[in-house]
Amino acid sequence: MSTFEVRTLGCQMNKHDSERIAGVLLARGMTAAPDGEIADVVVFNTCCVRENADERLYGQVSSLAAVRRERGTIIAVGGCIGQRDGETLLRTLPQVDVVFGTHNLARLPALLDAASESRRPVIEVEDPSDGDFTSELPSRREHAWHAWVPIAVGCNNFCTYCIVPSVRGRERSRGFEDVVGEVRRLVADGVVEVTLLGQNVNSYGRDLYGDPRFAELLRAVAATGVERVRFTTSHPKDLSDETIRAMAETPQVSRHLHLPVQSGSDRILKAMNRRYTQESYLALVERLYRAMPDLALTTDVIVGFPGETEADFEETMRTVEAARFDAAFTFIYSPRAGTPAAQMADQVPREETQPRFDRLVAAVQSSALAKNLPLVGTVQRVLLEGPSKRDERVLMGRTGGNKVVHVPLTEGASARDLAGTLVDVRIDDAQTWFCMGTLIG
Ligand code: SAH
Ligand code: SF4
Ligand code: F3S
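So, a few notes on the structure that sits alongside this text. Within any chain, residue numbers begin from 1 and follow the written order of that chain's sequence. As they are written, the chains are lettered A onward and the ligands numbered 1 onward, keeping that order. Side-chain atom pairs in this predicted model are given and counted only at pLDDT of 80 or more, local residue features only at pLDDT of at least 70, and totals for whole chains, interfaces and linings cover all residues. Each side-chain value is derived from all of the structure's non-hydrogen atoms; neither hydrogens nor water enter the calculation.

Topic: the packing of helix H8 (residues 176-188) against helix H9 (residues 214-222)
The criterion, for reference: What counts as an axis is a line fitted to C-alpha atoms, over the stretch in contact for a helix, and the angles between N-to-C directions run from 0 to 180 degrees. Strands here are runs of E lasting at least two residues and helices are runs of H or I lasting at least four, both read from the DSSP assignment and numbered beginning at the N terminus. Comment on the angle field: the value is read as roughly parallel under 35 degrees, roughly antiparallel over 145, roughly perpendicular from 65 to 115, and oblique elsewhere. Should the near helix be turned anticlockwise from the far one by less than a right angle, the crossing is termed left-handed; should it be turned clockwise, right-handed. Whether two residues are in contact is decided by their heavy atoms: any pair within 4.5 Å suffices. Residue polarity is assigned by list, with Asp, Glu, Lys and Arg as charged and Ala, Val, Leu, Ile, Met, Phe, Trp, Tyr, Cys and Pro as nonpolar; anything else, Gly included, falls into the polar class.
The contact between H8 and H9 brings their axes to 9 Å, and the two run at 25 degrees. In terms of orientation, H8 lies roughly parallel with respect to H9. Crossing handedness for the pair H8 and H9: right-handed. Mapping the contact onto sequence places Phe176, Val179, Val180 and Val183 in H8 and Glu216, Leu217, Ala220 and Val221 in H9. Taken together, the residues that form the contact of H8 with H9 break down as seven nonpolar, no polar and one charged.

See below:
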């Protein structure tokens with residue numbers, strides 16, 4: 001049992017958990033399996049927000065069944081499906097050797113040992129609201145220059161469609177000094193960009209002694225010497241003017257906000273338990289643009305929540321147009337067992353949701369292009385990530401607004417050397433999902 005592979009199927013929090021899973025296994029003396037080789041241990045870090053998440057997991061685990069039989073490969077399933085299903089996962093997936101929860105990452109090496117010795121399934125799923133923050137576990141970062149930094153876990157919002165509160169537990173904030181101290185160590189280790197993570201970063205600190213606020217944390221993190229600070233996710237009901245000010249006044253904080261709107265209809269927002277209205281959301285958006293005219297704004301939208309009519313959907317379209325989004329994750333509502341919305345009458349049939357979804361996607365595309373076109377001719381600070389997928393001689397990077405920029409390499413420059421550096425780029429051309437630019441200086 002010496003090599004491992006971690007397959008990540010979920011959100012940013014889940015991606016960061018994968019880095020910690022890898023960190024814990026490396027600390028135990030295991031090594032990452034080379035690309036294209038089947039590892040001795042395959043760990044699935046799963047998500048259960050989307051309908052096809054289960055199918056993806058079943059498909060991938062089943063396709064490993066033969067190697068498991070022949071070579072004794074150990075299959076471990078963690079993350080949100082592990083947390084949700086526990087032992088019952090073995091009924092649908094008898095090939096699984098270890099099931100572990102979202103709060104049991106540190107125990108994974110011991111669970112793998114137990115499974116390989118006994119050749120019997122081993123299950124460990126803790127109540128997600130118990131126990132401490134596990135963020136001090138070793139972590140193997142995907143990029144040397146970027147780090148995910150969790151500032152809170154869990155969620156207290158109970159949006160009626162959402163499974164996250166039941167798999168991640170109640171919200172717990174991480175200590176202020178604990179977060180800032182970690183960012184300082186990361187900076188000393190060469191990190192130039194951090195992304196602060198929480199299901200609702202704007203409610204950070206409410207459960208802590210002294211009531212530290214997210215705005216203060218943002219300023220303190222920016223003062224560590226880190227060059228760029230990102231954060232996600234913001235709940236519109238909790239985004240304060242203080243946080244808007246902190247964003248606007250702190251040059252290290254990138255001018256990008258992910259502000260999920262979910263729907264534009266007040267009736268649907270109420271049924272979702274979002275606790276804001278179309279009017280208050282759009283007023284917040286206007287305050288944001290007034291404070292930061294160059295802000296990139298992204299969102300999540302759900303189409304076809306139970307009871308959604310054509311008129312409700314028109315309100316969503318109206319909101320999307322008025323908010324001038326730079327990008328959006330768009331979802332067709334899918335009932336998640338155990339959530340209140342799954343029990344609601346009036347589930348909307350696919351024949352109605354699909355055309356709405358297609359219209360929404362088209363609206364988001366034109367809004368994205370409209371936001372990108374004015375960038376042509378401007379100079380943007382771009383964090384270079386490495387060679388682009390299609391062409392080794394073209395670098396890919398991101399602006400503060402999180403826009404992908406392609407920059408042709410100049411003569412003699414090396415893509416590997418430039419990865420992880422911040423450079424000035426003149427934007428020459430803008431498309432819907434990326435820009436082209438030229439390196440300056
Ligand atoms: N805490 C974050 C992320 C939640 S999950 C937030 O509040 O934004 C990410 C997105 O998945 C949600 O914003 C929502 O748009 C989508 N989503 C969650 N549950 C869903 C469901 N049952 N059906 C369709 N989309 C869903
Ligand atoms: Fe889910 Fe709502 Fe919490 Fe986001 S805020 S994780 S959508 S319950
Ligand atoms: Fe994230 Fe999916 Fe879990 S969105 S918190 S991995 S259910």
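Don't stop here, the text continues.
A closer look at the pattern of salt bridges
Note the cut-off: For salt bridges, the criterion is a side-chain nitrogen of Lys or Arg within 4 Å of an Asp or Glu carboxyl oxygen. Exposure classes here rest on a 1.4 Å probe applied to the protein chains alone. A residue is buried below 20% of its type maximum, exposed above 50%, and partly exposed in between.
The final tally for this structure, using the stated rule, is 31 salt bridges. Linking Asp189 and Arg141 is a salt bridge whose minimum nitrogen-to-oxygen distance equals 3.1 Å. On the criterion of sequence distance, the pair formed by Asp189 in the loop between H8 and strand E10 (193-197) and Arg141 in the loop between strand E6 (122-124) and strand E7 (146-150) is long-range, its members being 48 residues apart. For Arg141, a relative accessible area of 21% gives the class partly exposed. The residue Arg228 makes a salt bridge to Glu193 at a minimum N-O spacing of 3.6 Å. Taken together, the positions of Arg228 in strand E11 (residues 228-232) and Glu193 in strand E10 put the pair 35 residues apart, joining distant regions of the chain. By relative accessible area, Glu193 is classed as buried at 5%.

Some words on the packing of aromatic side chains
Let me state the cut-off plainly: Working definition: a ring pair exists when centres of Phe, Tyr or Trp rings (six-membered ring for Trp) sit within 6.5 Å. Plane angles under 30 degrees give stacked, over 60 give edge-to-face, the rest tilted.
Counted under the stated rule, the structure contains four aromatic pairs. Summarising the aromatic geometry, the rings of Phe214 and Phe231 are spaced 5.1 Å apart at their centres and angled 70 degrees between planes, so their arrangement reads as edge-to-face. One end of the pair, Phe214, is in helix H9; the other, Phe231, is in strand E11, and 17 residues separate them in sequence. Overall, Phe214 belongs to the buried group, its relative accessible area being 2%. Overall, the relative accessible area of 6% leaves Phe231 in the buried class. Geometrically, the ring pair formed by Phe305 and Tyr333 is edge-to-face, given 5.5 Å between the ring centres and 70 degrees between the ring planes. Remark: Tyr333 occurs in the loop between strand E14 (327-332) and helix H14 (350-372) and Phe305 occurs in the loop between strand E13 (296-303) and helix H13 (310-323); sequence separation between them is 28 residues. Across the pair, Tyr333 and Phe305 agree in class, each one buried.

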